[in-house]
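Below are the chains, spelled out letter by letter.
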Amino acid sequence: MNLDNIKTGLKEIFAERLNLDVASVDAGDDDKLFSDDGWGLDSVDVIDIVLGVEQKFGVAIRADDDVKVHFSTLNTLAAYIGEQMKAAA
């Protein structure tokens, strides 16, 4: 699965699990996920995102020291998921 497909899947997770109207969010793939001038997510949203990622992509997101880096932007999260999918294959 390529990064564009993963990013599309992540946006679907945001829409379904967070009731977020992705089309109305004025944020790009490199904008911060947890910023009012980015995607506007909060720490509680992480739980729903992690569960959605596990269901949609079949990979677990580990709570390691780099988890904040992975959840920085949509691009960094998609890249991390892509790496996990390759490692699991």
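Residues numbered from 1 in each chain as written. Predicted model: local features only at pLDDT ≥ 70, side-chain atom pairs only at ≥ 80, totals over all residues. Heavy atoms only, no water.

Take the environment of threonine 73 next. Considering the arrangement of structural elements, one finds threonine 73 in the loop between α3 (67–70) and α4 (74–88). We classify threonine 73 as buried; its relative accessible area is 6%. Taking the C-alpha atoms as reference points, threonine 73 and phenylalanine 34, separated by 39 residues in sequence, lie 8.4 Å from one another. Non-local contacts of threonine 73, meaning those with residues more than four positions away in its chain, are made with Asp29, Asp30, Asp31, Lys32 and Leu33. One polar contact links the side chain of threonine 73 to the main-chain amide nitrogen of asparagine 75, over a distance of 3.3 Å. (Helix = DSSP H or I, 4+ residues; strand = E, 2+ residues; numbered from the N terminus. Buried < 20%, exposed > 50% of the residue type's maximum accessible area, 1.4 Å probe, protein only. Contact = heavy atoms within 4.5 Å. Polar contact = N/O pair within 3.5 Å; in protein donor to acceptor, adjacent residues only side chain to side chain.)

A few words on the packing of helix α1 (residues 3–18) against α4. Close contact between α1 and α4 brings their axes to 9 Å; oriented N to C, the two are set at 115°. Taken together, α1 and α4 sit at an angle that is classed as roughly perpendicular. In this structure, the crossing between α1 and α4 has a hand that is right-handed. Packed against α1, whose contacting residues are Leu3, Ile6, Lys7, Leu10, Lys11 and Phe14, the element α4 presents Leu74, Asn75, Leu77, Ala78, Ala79, Ile81, Gly82 and Met85 at the interface. The class makeup of the residues in the contact of α1 with α4 is ten nonpolar, two polar and two charged. (Axes fitted to C-alpha atoms, helices over the stretch in contact; angles between N-to-C directions. Parallel < 35°, antiparallel > 145°, perpendicular 65-115°, else oblique. Left-handed = near helix turned anticlockwise from the far one by under 90°. Nonpolar A, V, L, I, M, F, W, Y, C, P; charged D, E, K, R; others polar.)

To continue, consider α1. The first and last C-alpha atoms of α1 sit 21 Å apart over 16 residues, in line with the 22 Å expected at 1.5 Å per residue. Every buried residue belonging to α1 is among Ile6, Lys7, Gly9, Leu10, Ile13, Phe14 and Leu18, and all of these are buried. Mapping the buried residues of α1 onto a view down its axis gives an arc of 160°, with all of them on the same face. Summarising the geometry of α1, the exposed residues directed more than 90 degrees from the buried face are Asp4 and Glu16. Between a side-chain oxygen at the N-terminus of α1 and the backbone nitrogen of aspartate 4 the separation is 3.0 Å; the capping residue is asparagine 2. Just past α1, the residue asparagine 19 takes up positive phi, approximately 50°. (Expected span 1.5 Å × (residues − 1). Arc of directions from axis to C-beta.)

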